[in-house]
Structures are given as C-alpha cells and as structure tokens.
Amino acid sequence: MRLKQPIIAVTVAGLFALAACGGSDDGGSGTSEGNQEGEGAAQEGGNTGDAQDATRVDGPVEIEGATPGGTIKVISVAGLNTMHPSEAYYQNTSTILSGLVTRALTQYVYDEETKSMVLIPDLATDLGTPNEDFTEWKFELKPGIKYEDGTDVKAEDFIFSTAASMDRTQFPEGPAYSNDYLVSGDTYEGYFTAGKTLDGFEAVTVEGNTITYKARKPFPDMPYWLTFPAMSPMNETAAADPAAYARHPMATGPYKFGEYTPEKTLQLVRNDQWDTNTDPGRTQYPDSYEMDLQVESAQIDQLLLSDSGDAQTTLTYDDVLNENYRDFDASGRLVVGGFPLTSYWAPDYRKITDIKVRQALAWAYPYKDAYLSAGLIEGVTAIPGETLMPPGTSGRKEFSPLPDHEPGVTDPAAAKALLEEADAVGYEIKFLYAKDDPKLVKQKDVIVKALEEAGFKATPVPSTVADLSTVRADPDADINVRSPGWIADWPSGSSWFPPVIQSTNLDKEGLGSNYAAFNEPAIDQRIEDIQLLPVDEQPAAWGELDEEVMTEYFPLFVTRYGGVAQAHGSKINGHFVDNTIGQPTWKNLWVTQ
Amino acid sequence: MTSLNTEVMEEGFDPEPGKPEPVKELAGRSPTRIAMGRLAHDKVAVICGTILFVMVLMALLAPVISNAFGLYHKIGPGQAALTDLLEFDGLPRVGPPLHPFTWDHPLGIEPGTGLDNLSLLLYGLRTSLFIAVLATLISTIVGVTFGLVAGYATGAVDAVMSFVIDFLLSFPFILGALALAPIITTRFGANSSTLGRAEFLTLVGVLVLFGWMGLARLIRGQVFSLREREFVLAARVIGVPTRQILFKELLPNLVAPIVVAISLALPGFVAAEAGLSFLGIGLSEGTSLGKTINAADGYYDKYPLYLWVPVGTIMVLVIALNLLGDSVRDAFDPKTRR
C-alpha cells in the first residue's frame with residue numbers, strides 16, 4: 001500500500017502559484033513534509049486488527065445518538081491522486097472510495113470496544129467459501145444492489161472489474177494482487193490493454209449470483225483483497241472510458257460524486273440508490289462531504305485549532321504538526337492510532353556483507369533524534385520497534401533481533417565495538433536524502449552526526465522528494481543503505497515477507513520492494529513453504545520466520561512503526577483511526593446538529 | 001576625469017553662501033568627495049550606515065561569537081543529543097516559548113534541531129550579506145561592461161545587446177530561478193560535498209543573471225549622452241584606443257550612477273536571496289535567514305521570537321540599505337535638495 005503522497009504535485013503547484021503572483025514570501029512550499037515517507041503511529045488506538053465477523057451481513061447500521069444532516073469538510077495537504085477504483089491505491093483515495101463510494105464483496109468496520117477494524121461481508125452474503133487449498137473462493141452476491149443510476153449490480157460486473165484490475169499498463173499505480181495471485185494474472189494483459197476483451201481471462205466465473213475466484217497459488221487472504229476499490233463491481237459499459245470513469249466512478253455506497261476537480265476539490269453527495277438494509281457497515285448521516293485539498297499544513301492546524309464556524313465540522317487525515325500536538329491534545333479533538341507501517345533501514349545485502357556492520361548500524365542509528373528532527377512524535381507518530389511485522393499482524397512475535405538492544409536505543413560505543421570486531425572502523429555508509437525538504441535535511445544532519453560518532457564514515461547522497469523513490473529503487477544506485485517504509489495491505493505475514501524479504505531477479509525486475517537486495521535461497525524457500533502451509537499454521541510460521549531472518553541474517557533494522565495524529569472540529573463525531581491504514585473511519589462519521 | 005560640472009553646480013547650490021569658503025579647497029574636491037561630505041551630514045545616512053556596520057561586524061564575527069558562547073549553528077559533533085535539548089514534540093527544553101529566558105541562549109533554541117537561534121541568525125546574516133555582496137559585485141561588473149560597450153558601439157552591436165537586455169528584463173525572475181536552480185544543482189551537486197558549493201554558486205548565478213540588466217540599461221543611456229561630448233571626441237581624434245576611451249574617459253564619469261545602482265541593488269539581492277531560500281530553491285546546506293524563516297513559518301504565535309527575529313533582521317537590513325542607497329543617490333545628485 002502506498003502512502004498518500006502526491007506531495008510532489010503539491011509542492012510544485014504551491015511554488016508556481018507563488019511565481020504567478022510574483023510574491024516570494026507569502027504562501028509556502030516547505031510545509032508539505034507532513035506526509036513524506038510514512039507518517040508516524042500510536043499504540044494507544046490498539047493494534048491493527050485481524051478480527052473477522054462473517055455473521056454481520058445485513059444493515060441497517062445505526063449509531064446511537066447520531067443525527068442526519070450537516071456537511072463534513074475534509075482538508076488535507078495531499079491531493080487525490082486518481083479516483084479510478086482500479087487505480088486508487090493511496091491511503092486517502094482508496095479509503096474514501098471504499099468507505100463512502102464504492103462497495104465491494106467484503107469490507108472493514110470499526111469496532112469501538114477493541115478500537116480495531118473487523119472484516120465483515122459487504123455485497124456478499126458471507127466472507128466467502130474457499131476450497132481446501134484456498135485456490136478457489138466462492139462468494140454469493142446479495143440481490144437488489146443498485147448503482148447510483150438505478151441499474152442493478154450484476155455478478156458479471158465482478159468479472160469486468162477483476163479483469164480491469166490486472167491492467168498494469170492502463171493502471172500502473174493500482175494494486176497488483178490480482179496479477180500476483182489470480183489465475184491468468186501473469187498472462188492476461190488486463191481488460192483495456194488486451195483490447196477490451198476478456199479472451200484469456202479465466203480468474204472469475206459467474207453462475208447466477210455466485211462469483212468464483214480462482215487463484216494460481218493458495219490465497220487465504222482473498223477476503224482482504226476484495227475490500228479494495230479495485231475489486232468493487234464496475235459495469236463494463238459505464239466504465240468503458242477509464243479517464244471519464246476516474247472523474248465520476250459509479251457509486252454503490254451511500255455517497256456519490258458531485259462536483260470534482262481532480263487533485264483539488266471533491267464533493268460527495270447522498271446516493272439515493274444505496275439501500276441501508278443491505279449494508280452492515282456504512283451509514284449516511286451527513287448530507288454531503290466537501291473535500292478541499294492541497295491546503296498547507298500550518299493553515300489546516302490553525303483552522304482546526306480555532307474551531308470556529310465551518311471549522312467545527314471539518315476534519316483532516318493529515319497528522320497535526322508536532323508543534324501543535326499539545327494544543328490539539330488539550331482540545332480533546334485529537335485522534336491518535338497506529339497503522340501497519342514499518343519504516344526501516346535496509347543495508348544493501350550485496351555490499352554490506354558483514355552482519356556485524358549491519359548490526360553496528362542499528363546501534364548507531366539515532367532513533368529518537370531522527371524522530372525529533374523530522375517532526376515526528378515518539379510514541380504517537382513514531383513508535384520504536386524491532387521486528388519487521390508491526391503490532392497487530394497475526395502471528396507476530398516479540399523478540400530482540402539484536403542482542404541486548406532495546407527499541408529506539410542508540411549506543412555509539414556498542415556500535416564502535418562491533419565495528420572494531422569486524423575490522424571496519426570508518427566504514428562508509430552512503431544513503432539518500434531529499435534536499436528539498438528542510439525537515440529531511442535536518443534529519444540527515446542528525447544521522448550523519450550519529451554515524452560518525454559511532455565510527456562510520458557517513459556520505460549522504462542528495463536527491464529530491466520527487467526523485468528519491470526512483471533512485472532508491474535502482475539496484476545499481478551508488479548507495480549502500482536504503483530507507484524505505486512498507487504498509488501492509490492486510491494483517492498477515494504474507495503481506496510482509498514475500499514483498500520485503502524474498503529475493504527478486506535484479507536484472508529483470510529490479511529490487512521490487514526488497515530494498516535490502518536480500519538474497520538467501522534458504523529463506524526464499526521458507527517463504528514459499530509457509531504459503532503452502534495450512535492456513536491456521538501460517539501466522540505462527542511467519543512469526544518464526546521474522547525471528548529467524550532478523551536474528552540470523554539481520555538484513556534490515558526497523559527505525560519506527562507508523563502512527564497518526566489527526567484532528568477534527570468539535571461537531572464531528574465518529575472520527576476514529578482505521579488502524580489497517582491510518583485513515584479516518586469514514587463509515588462512522590456524523591455531525592452534531 | 002575631465003568633467004567638472006558637478007563641482008561647479010555644487011558651489012552654486014552651497015546652502016550657506018555667506019560662509020567664507022576658501023576657493024582653493026573647492027577646486028580640489030572630486031564629485032565623490034563632495035558626495036561623501038554630504039553623506040556625513042545626512043542623519044539618516046549616518047544612522048543606517050552605523051546599523052549596517054554593526055550588522056556586518058556581527059556577521060563577520062559569527063564564528064567568534066558562537067565559539068565563545070558554545071552555540072551551535074549546525075548539527076555536528078559536540079552538540080548535545082536532541083533528546084536532551086528538546087521535549088517530546090520538538091519544542092525546546094530551555095528558554096522560550098515554554099520556559100523562562102536564559103542567557104545561555106538569548107534568542108532561544110530552534111525547535112526540531114536544538115540549534116541556537118542567535119548563532120543561526122549571525123550565520124544567516126553572514127550568508128545573506130556574502131551572497132548579496134557577491135551578486136552585486138558581479139552583476140555590476142557585467143552590467144557596466146555591457147552598458148558601456150552597447151552604448152558606445154551603436155548600430156547592430158547595440159541592437160543585439162539591447163535585445164539581450166530587453167529579453168532578460170522581460171523574463172519572469174521567479175519562474176526562471178525555479179526552473180534553472182534545480183537543473184544546475186542537480187548537474188553539479190551530485191554528491192553532498194559539492195552540493196553546498198553548487199547551490200551557493202547557483203544562487204549567486206541566478207541572482208546575477210536576472211540582476212544586471214537595469215544597470216546595463218542605465219549605463220548605456222548615460223554613455224549615449226557622453227559619447228558625443230568634446231572630451232570623448234577629442235580622445236577619439238587623437239587616436240586613443242577604444243578600450244581606453246571606455247574605461248578611462250567614460251567610466252569615471254559614470255561613478256555616480258554606478259554607486260547609486262549598487263546601493264539600491266544590495267538590498268534587492270538580500271531580499272531576493274531570502275525569498276529564494278524561503279521557496280526552497282536557495283541553499284539546502286548551511287544557514288540562511290530565508291531558510292530559518294521558512295522553518296519558523298508555522299510558529300508565528302507559538303514561538304514568535306523564533307520567527308520574528310530573523311524577519312525583523314532582514315527588514316532592518318533591507319530598510320537600512322535602501323535608505324542609505326537613497327541618501328547616496330541624493331548625495332551624488334546635485335539637483336536634489338531635502
């Protein structure tokens with residue numbers, strides 16, 4: 001899962017707006033760091049849930065004391081990248097769609113008692129019936145579901161949307177799980193690229209209201225994948241033009257698109273074709289939503305802190321600036337929670353071959369100073385941790401991969417001792433940083449200082465916010481440490497180890513998301529084996545694997561887990577943190593009248 | 001050199017005609033000396049000059065002051081860990097805004113980095129002044145040369161040169177800077193050791209590129225009017241080389257407009273440098289007032305000292321330079337009376 005990040009667009013737009021009016025010192029451009037490279041995390045909101053409840057099938061959902069009416073304003077720094085269901089894969093776009101606009105076979109709802117998300121049916125009558133080895137899933141579509149224009153949602157629409165979700169050329173930024181797991185995902189080019197044909201597509205078959213998904217390999221996490229907007233039903237005729245559909249996707253949920261200026265504003269109005277009785281998760285209390293995007297962070301905070309007029313019914317899914325955290329905390333309108341983001345440093349396994357050097361790096365890294373300089377708050381938006389799988393992943397094991405090392409502790413002496421043992425004092429560490437983000441430049445300074453204190457030679461390599469991820473993904477880049485972050489798409493180890501640890505063919509596919517270029521055939525084999533294990537044994541096996549990889553090979557070390565600190569106006573109710581992804585619980589929102 | 005008109009007019013406008021002035025002293029004063037004399041009597045000029053002198057002195061002494069008091073302007077060895085300097089949310093553990101004033105850090109410390117604000121201010125001032133002076137110097141040299149040549153050459157050469165001037169004048173500065181700066185720094189600042197220098201030179205380069213045309217135009221106009229004067233014609237007739245005519249005959253007569261242009265360009269460059277750094281296309285390495293203001297942007301009511309001191313410093317600097325520039329112009333222009 002990608003972070004909401006069209007920051008580049010924001011920054012550039014901001015700059016050009018300034019240039020156009022000839023001003024040089026009002027407005028601003030440097031405040032977009034709020035979202036770069038993962039944003040922080042809190043335990044307080046509970047763990048990311050792996051709970052499921054197949055019995056919650058029918059609506060309506062009623063929230064005690066909630067009253068209909070009112071307009072909720074949403075403001076954020078980041079623009080909405082694309083709202084085409086097949087391509088919406090940023091935190092903001094995918095949750096706005098799945099929370100309010102597009103229904104799918106399954107969905108997440110917020111459980112106030114556990115402060116966690118629960119997977120329940122949506123358009124399907126249950127959470128699906130797998131065959132023995134999880135290569136075939138059957139779902140039963142509820143009858144009488146309608147699109148916003150009154151046409152029926154047919155089981156065939158899922159064939160089309162799955163075929164579209166395999167189109168990596170038309171939707172390069174969309175999630176690729178259909179390609180990774182489903183039948184013909186590796187051969188079929190996707191509906192649009194294949195020439196608007198379903199020839200060669202065999203992943204989904206339909207019989208009456210029964211939809212059958214076929215996977216190439218066991219896919220026990222199928223119900224999680226089906227929550228994504230990419231797997232929501234789309235009518236083949238209505239969605240024939242992807243560009244037009246991205247401007248106005250057909251709603252099946254409680255809200256449909258009103259006025260929409262891509263990247264800038266989006267209005268959602270009530271969808272009268274949505275039947276509350278069929279929906280066990282969503283509500284339709286507010287009259288409408290007004291999303292105003294590309295607003296500066298400082299401005300967002302001021303507006304929400306003032307809490308006057310419109311601001312009372314406003315919310316943001318951006319983290320509040322660290323300097324305003326206390327004020328928001330005192331106001332009681334702060335919402336904190338964790339989400340499954342792990343930010344880590346990945347020493348290049350091909351270049352830094354001595355495990356002692358990698359371990360020394362983990363001792364030397366200035367965890368807490370790095371949080372402070374980047375504007376993260378320890379325990380809220382940055383949670384120290386050590387295991388690759390963040391809290392809440394099923395089967396997660398608590399252990400210390402580095403002997404005697406506590407999460408978030410920096411010890412230059414211990415690092416130096418290890419370096420001396422490895423005879424590598426003065427070892428050069430080359431890492432990337434974005435020179436156009438002042439906070440990241442400060443963080444770089446802090447890291448350089450800490451590494452040099454521990455006996456490394458630090459060589460920061462300047463890049464830009466726009467280019468950083470491209471350079472980082474280049475296996476031949478002249479750096480030996482990469483600092484990525486990874487958000488799990490569902491709370492299972494299969495969302496962590498295959499993408500982050502399994503080796504890739506560097507010449508053909510590049511690094512993928514294996515930023516350490518980690519390559520141990522034994523571990524690759526273990527990953528393959530675990531995916532073939534009986535489903536109930538898999539979580540524990542992933543936990544074991546985490547410990548094995550981290551203690552024996554130490555290919556990476558965790559710098560923090562993610563958390564969010566969002567704020568809302570005093571008349572907004574039901575704003576909690578969706579801890580699967582770090583966004584507001586859209587389905588619970590209502591306005592005090 | 002050969003022009004005495006300023007001096008004559010100066011005598012004619014002597015504010016105290018009754019005062020017996022020895023004639024021989026009058027005969028020995030150059031236009032520049034007269035101007036300096038007038039400046040010394042201008043209260044505004046004296047005050048502004050003093051302020052500038054203090055600022056330049058502080059900027060020059062930035063390392064001395066910082067070292068003497070153990071203040072840090074950049075993150076580096078010796079500085080305490082950030083966790084000791086800052087609270088959990090990045091606000092300082094000592095000094096404003098949460099704690100009382102302390103002499104250890106008279107202007108407080110910077111949230112997020114724990115650096116000393118006084119030290120940041122002094123080093124920022126140093127950067128601003130250095131860049132502004134360098135940019136002024138280069139753009140003056142370029143502008144004067146260009147103007148002299150264009151004005152004296154006439155014909156096709158002048159047409160081409162004027163077109164270049166007009167073209168660059170019509171080019172939007174901010175847009176140009178936005179487009180150029182990243183290209184140049186990416187080309188020459190590929191690693192962090194050369195990045196700082198590349199950014200510095202780019203900044204100066206961009207300021208010069210868009211800063212020399214005004215002066216060039218002014219000089220060209222002046223040269224037009226001087227070109228047909230007797231002393232130039234005479235020099236030409238006796239076969240003085242063109243270069244010598246330009247730099248030995250014409251240039252000395254242009255000192256006044258050049259000095260005026262310099263004194264007005266300096267504050268412009270100071271402000272432009274701060275503006276570009278604020279926009280993030282100035283220096284990413286090192287300290288600059290614009291960068292500090294950018295970082296302090298969100299603190300205007302939470303930690304006013306952090307934001308308003310650098311803003312105030314730039315304001316005072318620019319106003320002082322501007323007023324001094326005005327005074328210099330008045331001093332050099334015998335027709336102005338205040």
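Residues numbered from 1 in each chain as written. Chains lettered and ligands numbered in written order. Predicted model: local features only at pLDDT ≥ 70, side-chain atom pairs only at ≥ 80, totals over all residues. Heavy atoms only, no water.

### Details of the interface of chain A and chain B
The criterion, for reference: By the convention used here, residues are in contact when the closest approach between their heavy atoms is within 4.5 Å. The term buried area refers to how much accessible surface (probe radius 1.4 Å) is lost by two components on association, counted for both of them together. Basic side-chain nitrogens of Lys or Arg form a salt bridge, by our definition, when they fall within 4 Å of a carboxyl oxygen of Asp or Glu.
Each side of the interface is counted separately: chain A has 40 residues, and chain B has 42 residues. Where chain A abuts chain B, roughly 3200 Å² becomes buried across the two surfaces, and 58% of that area is made up of carbon and sulfur atoms. For chain A, the biggest contributors to the area lost against chain B are E323, R326 and L372 of chain A; these three give 21% of the whole. Where chain A touches chain B, the interface holds 5 salt bridges. Here D89 of chain B ties to R326 of chain A by a salt bridge, and the two come within 2.6 Å at their closest N and O atoms.

### Considering the sheet that holds strand 3 (residues 106–111) of chain A
All names here are of chain A. Basically, it comes down to this: In this analysis, strands are considered paired if DSSP registers two or more bridges between them. The way it works is that DSSP assigns letters per residue, a run of H or I at least four long becomes a helix, a run of E at least two long becomes a strand, and they are numbered from the N terminus.
Taken together, 3 strands build an open sheet; the order of strands is 1-4-3 and the sheet is mixed. Each edge of the open sheet carries a strand with a single partner, namely strand 1 (51–52) and strand 3. Of the strand pairs in this sheet, strand 1 and strand 4 (residues 116–121) are connected by 2 bridges, and their pairing is parallel. Note that in strand 4 the partner of A51 across the bridge is V118.

### A closer look at the pattern of salt bridges
Side-chain pairs of opposite charge can arise whenever the charged atoms involved come near each other. All names here are of chain A. Our working definition: Three exposure classes are used, based on accessible area relative to the maximum for each residue type with a 1.4 Å probe and protein chains only: buried under 20%, partly exposed in between, and exposed over 50%.
What the rule picks out here adds up to 30 salt bridges over all chains. Notably, a salt bridge pairs R216 with D186, separated by 3.6 Å at the nearest N-O pair. Here R216, found in the loop between strand 8 (210–214) and helix 5 (222–225), pairs with D186, found in the loop between helix 4 (177–181) and strand 7 (204–207); they are 30 residues apart in sequence, far enough to count as distant. For D186, a relative accessible area of 52% gives the class exposed.

### Looking at the packing of aromatic side chains
Convention followed: Note on ring pairs: Phe, Tyr and Trp rings are taken, using the six-membered ring of Trp, and paired if centres are within 6.5 Å. Classes follow the plane angle, with under 30 degrees stacked, over 60 edge-to-face and the rest tilted.
Enumeration according to the criterion identifies 40 aromatic pairs over all chains in this entry. When the centroid spacing of 5.8 Å and the interplanar angle of 80° are considered together, the rings of Y325 of chain A and F88 of chain B count as edge-to-face. Of this pair, Y325 of chain A sits in helix 8 (residues 325–331) while F88 of chain B is found in the loop between helix 6 (82–85) and helix 7 (117–153), placing the two residues in two different chains. Owing to a relative accessible area of 39%, F88 of chain B belongs among the partly exposed residues under this scheme.

### Observations regarding the pairing of strand 9 (residues 255–261) of chain A
Taken residue by residue, a regular strand's side chains alternate between the two faces of the sheet. Residue and element names in this part refer to chain A. Bridging between strand 9 and strand 10 (residues 265–270) involves 5 bridges; their strand directions are antiparallel. Counted as the bridge partner of T261 is T265 from strand 10. Turn length for the strand 9-strand 10 hairpin, with the two strands adjacent in sequence and antiparallel, is 3 residues, and the turn residue E263 shows positive phi of about 70°.

### Topic: helix 3 (residues 31–40) of chain B
Since the α-helix packs 3.6 residues into each turn, any two residues three or four apart lie on the same face. All names here are of chain B. Test applied: Throughout, the arc means the angular range of directions from the helix axis out to the C-beta atoms.
Of all the positions in helix 3, only I34, A35, R38 and L39 are classed as buried. Take helix 3 and look down its axis: the buried residues cluster within an arc of 140°, on one side only. Of the exposed residues in helix 3, those oriented more than 90 degrees away from the buried face are R33 and A40.

### What to know about the side chain of T287 of chain B
Residues and elements named next belong to chain B. For T287, the location among the structural elements is in the loop between helix 14 (255–279) and helix 15 (289–296). On the basis of relative accessible area, T287 is assigned to the buried category, the value being 9%. Setting aside chain neighbours within four positions, we find T287 in contact with H73, L120, Y123, G124 and T127.

### With respect to the packing of helix 7 of chain B against helix 13 (residues 242–250) of chain B
All names here are of chain B. What counts is decided by this rule: Under this scheme, a helix contributes an axis fitted over its contacting stretch, all axes are lines through C-alpha atoms, and angles between N-to-C directions fall in the 0 to 180 degree range. It is the rotation of the near helix from the far one that decides the hand of a crossing: anticlockwise by less than a right angle makes it left-handed, clockwise makes it right-handed. Under the convention adopted here, Pro, Cys and the residues Ala, Val, Leu, Ile, Met, Phe, Trp and Tyr are nonpolar, Asp, Glu, Lys and Arg are charged, and Gly plus all remaining residues are polar.
Two numbers describe how helix 7 lies on helix 13: the axes approach to 11 Å, and their chain directions differ by 115°. Our pair here, helix 7 against helix 13, has a crossing hand that is right-handed. Contacts from L148, V149 and Y152 in helix 7 reach T242, I245, L246, F247 and L250 in helix 13. Residue composition of the contact of helix 7 with helix 13, grouped by class: 7 nonpolar, 1 polar and no charged.

### Considering the sheet that holds strand 7 of chain A
Residue and element names in this part refer to chain A. Read from one edge to the other, the open sheet built from 4 strands follows the order 5-6-8-7, with strand pairing classed as antiparallel. The strands lining the two open edges of the sheet, one partner per strand, are strand 5 (129–130) and strand 7. Here 4 bridges tie strand 7 to strand 8, and the two strands are oriented antiparallel to one another. Residue pairing for strand 8: V204 is matched across the bridge by Y213. Against the sheet, helix 3 (residues 156–165) makes contact with strand 7 and strand 8, and its axis sits at roughly 175° relative to strand 7, the strand it touches most.

### Structural notes on the confidence of the model for chain B
Residue and element names in this part refer to chain B. Here is the rule: Residue-level confidence of the predictor is summarised by pLDDT, bounded by 0 at the bottom and 100 at the top.
Confidence in the prediction for chain B averages 85 pLDDT; 90% of positions are at 70 or higher. When mean pLDDT is taken per element in chain B, helix 4 (residues 43–60) scores highest with 94 and helix 1 (residues 5–12) scores lowest with 44. In the predicted complex, the global pTM is 0.84; the interface-specific ipTM is 0.82.

### Here's the deal with the nonpolar core
Basically, it comes down to this: Definition used in this section: a nonpolar core is a set of buried Ala, Val, Leu, Ile, Met, Phe, Trp, Tyr and Cys residues joined via side-chain atoms within 4.5 Å.
Counting 55 residues, the largest nonpolar core has L125, I131, L207, L276, I281 and L317 of chain B as the members making the most contacts within it. With residues near it in sequence (within four places) discarded, L207 of chain B still touches I131, A135, F173, F269, A272, E273 and L276 of chain B. Counting residues in each nonpolar core, the second largest holds 49 residues, with L119, L127, F192 and M250 of chain A among its members.

### Comments concerning the environment of V409 of chain A
Residue and element names in this part refer to chain A. Inspection of the secondary structure puts V409 in the loop between strand 14 (382–383) and helix 11 (412–421). Sequence separation of V409 and A362 is 47 residues, and the distance between their C-alpha atoms is 9.1 Å. Apart from the residues lying within four places of it in its own chain, the contact partners of V409 are A362, W363 and Y367.

### A few points about the environment of T592 of chain A
All names here are of chain A. For clarity, the cut-off: Pairing of N or O atoms within 3.5 Å defines a polar contact, subject to two protein rules: one partner must be a possible hydrogen donor and the other a possible acceptor, and residues neighboring in sequence count only if both atoms are side-chain atoms.
Mapped onto the secondary structure, T592 falls in the segment after strand 23 (590–591). For T592 and L141, which are 451 residues apart along the polypeptide, the C-alpha to C-alpha distance reads 35 Å. Apart from residues lying up to four places away in sequence, T592 is in contact with K571 and N573. Polar side-chain contacts of T592 include one of 2.8 Å to the side chain of N573.

### Concerning unusual backbone geometry
A cis amide bond, omega -10°, links G59 of chain A with the succeeding residue P60 of chain A. Mapped onto the fold, P60 of chain A is located in the loop between strand 1 and strand 2 (71–76). For the bond from P96 of chain B to P97 of chain B, the omega torsion is 5°, close enough to zero to count as cis. Along the chain, the position of P97 of chain B falls in the loop between helix 6 and helix 7. Even without a glycine there, the phi angle at K196 of chain A is positive, about 50°. Turning to its location among the elements, K196 of chain A is positioned in the loop between helix 4 and strand 7. Relative accessible area serves as the criterion here: at 47%, K196 of chain A is assigned to the partly exposed category.

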